[in-house]
Amino acid sequence: GLKKKWPDLILSAAAIAVAVYVMIDPSSFQTRLSITANQNDIIFGALATVVTIAAAYKLSGKALPIMAVIFIGYAFLGKYIPGGFGHRGYSLQRVIVNIFGDQGIWGSALATSCNIIFLFILFGAVMGKSGMGSFFNDLAMALAGHTKGGPAKVAVISSGLLGSINGSAVANVVTTGAFTIPLMKKTGYSKDFAGAVEASSSVGGQLLPPVMGAAAFIMAEILSVPYSVIIIHAAIPALLYYLGIIVQVQLRAGKTNLLGLPRDRLPLVKNVIKDKGHLLIPIFLLLYLLLFSGTTVVFSAVITIVATIIVAAFKKSTRMSFKDVCDAFAEGATQ
């Protein structure tokens, strides 16, 4: 009912008010904030801080907001702490200016999220809508389904492949887990082990190039190195991570004598490639653009999104309607 929604409505209105306040005169706001913030800046800065902490609580639980509140409290109360952990204390104005300025909420993390990460999440959503999830599942089944503990290896491989294009652990679990977890349980794995394999495999997608998690893009921004350098250095540890999971799956399968699936129940690699292999073209294009072309990360992302829509149209089984494309963009924005 409306009673349950009113806190969200108030926070939403506050978030919009803060955004409008900044957009009215952004250059003047930025200059004024760094030199001498006025009363309105302090009010909207405090509002933005509360809204950001509330949003973090709703999206990620208690841990992050509690840390934020502790450190903000430390800025005000540190002057009462004796010894090396104490400090001279900071005014409300200085604290709010630091949080609300380009070193805080409007800092490099948000800029990277808006300019780069958002586009790559859109790319992952478009790839998912084209049928990439089922393609990776089928490919993993064809490659590893017949081996000892095959269904669990299918979960590892398919989650790794899908994670390499969406960089989102949650989206990965939802897409591949709906298929792989029941398959693992049916083969004889315990529900706890099946969930653990899927979760650890999906989380690893954030480490696997070409599209890694948000932290990789922020890392590139903070270190002032090209994202392509991050990709190259991340490839080996990411592959070792997945190798470690597959070894664990193999050992557990050997211990409990869990066999793979019969070959007659599995797709053939050549048929899987023939049906949806063309969807790999945008991924190769993205790798080329990021590693060899010298173009910007933003340009690479936009070109690859357009290429995905065009390449998916090559075959009826992967072709997206205008509504599908709009839905993919909506899903990407939500993610």
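See the structure above.
Worth saying up front: this structure is predicted, and the values here are computed from it rather than measured.

S.K.: Sorry if this is basic, but what is going on with the layout of surface pockets here?
M.R.: Rolling a probe over the atoms, with the probe sized like a water molecule, indicates the empty space that remains. Counted as a void, the second largest pocket has a volume near 350 Å³. Every residue lining the second largest pocket is counted, 18 residues in all, and those nearest its centre are Gly160, Leu161, Ser164, Leu208 and Pro209. It is helix α8 (residues 150-166) that contributes the most residues to the lining of the second largest pocket, five residues altogether.

S.K.: Just checking my understanding: could you explain the pattern of salt bridges for this structure?
M.R.: Going through the model one piece at a time under the given rule, you end up with three salt bridges. Taking the shortest distance from any N to any O, the salt bridge between Glu331 and Lys129 comes out at 3.2 Å. A residue pair is termed long-range when its members are at least 10 positions apart, and Glu331 in helix α16 (residues 322-334) and Lys129 in helix α6 (residues 108-129) qualify at 202 residues. For Lys129, a relative accessible area of 28% gives the class partly exposed.

S.K.: I keep staring at the packing of aromatic side chains and nothing clicks. Help me out?
M.R.: Two descriptors summarise a pair of aromatic rings, namely the distance from one centre to the other and the angle between the planes of the rings. Applying the stated criterion to the full structure yields nine aromatic pairs. Note on Tyr21 and Phe44: the rings are 4.1 Å apart at their centroids and 5 degrees apart in plane angle, and the pair reads as stacked. Here Tyr21, found in helix α1 (residues 2-24), pairs with Phe44, found in helix α3 (residues 39-60); they are 23 residues apart in sequence, far enough to count as distant. Here the two residues Tyr21 and Phe44 agree in accessibility, since each one is buried. Seen in terms of ring centroids, Tyr241 and Tyr242 are 5.5 Å apart; in terms of plane orientation they differ by 85 degrees. Their pairing is edge-to-face. What makes Tyr241 partly exposed here is its relative accessible area of 27%. Pairwise contacts between aromatic rings join Phe120, Phe217 and Tyr227 into one cluster.

S.K.: What is the right way to read the packing of α8 against helix α12 (residues 227-256) from this model?
M.R.: The description of two helices packed together rests on the angle between their axes and the distance between the axes. Contact geometry for α8 and α12: axes closest at 9 Å, N-to-C directions at 165 degrees. By the angle class used here, α8 and α12 are roughly antiparallel. As α8 packs across α12, the resulting crossing turns out to be right-handed. Between α8 and α12, the residues in contact are Ala152, Lys153, Val156, Ser159 and Gly160 and Tyr242, Ile245, Ile246, Val249 and Gln250, respectively. Partitioning the contact of α8 with α12 into residue classes produces six nonpolar, three polar and one charged.

S.K.: Looking at this structure, how should I read the environment of Ile66?
M.R.: If you trace the backbone, Ile66 turns up in helix α4 (residues 63-77). Residues Ile66 and Ala56, spaced 10 residues apart in sequence, show a C-alpha to C-alpha distance of 10.0 Å.

About the thresholds
- Residues numbered from 1 in each chain as written.
- Predicted model: local features only at pLDDT ≥ 70, side-chain atom pairs only at ≥ 80, totals over all residues.
- Heavy atoms only, no water.
- 1 Å grid on protein atoms, 1.4 Å probe; cavity = no way out; pocket = protein on both sides within 12 Å on 5 of 7 lines; lining within 4 Å.
- Points joined across faces, edges and corners; volume = space filled by probe spheres on them.
- Helix = DSSP H or I, 4+ residues; strand = E, 2+ residues; numbered from the N terminus.
- Salt bridge = Lys/Arg side-chain N within 4 Å of Asp/Glu carboxyl O.
- Buried < 20%, exposed > 50% of the residue type's maximum accessible area, 1.4 Å probe, protein only.
- Phe/Tyr/Trp six-rings, centres within 6.5 Å; stacked < 30°, edge-to-face > 60°.
- Axes fitted to C-alpha atoms, helices over the stretch in contact; angles between N-to-C directions.
- Parallel < 35°, antiparallel > 145°, perpendicular 65-115°, else oblique.
- Left-handed = near helix turned anticlockwise from the far one by under 90°.
- Contact = heavy atoms within 4.5 Å.
- Nonpolar A, V, L, I, M, F, W, Y, C, P; charged D, E, K, R; others polar.

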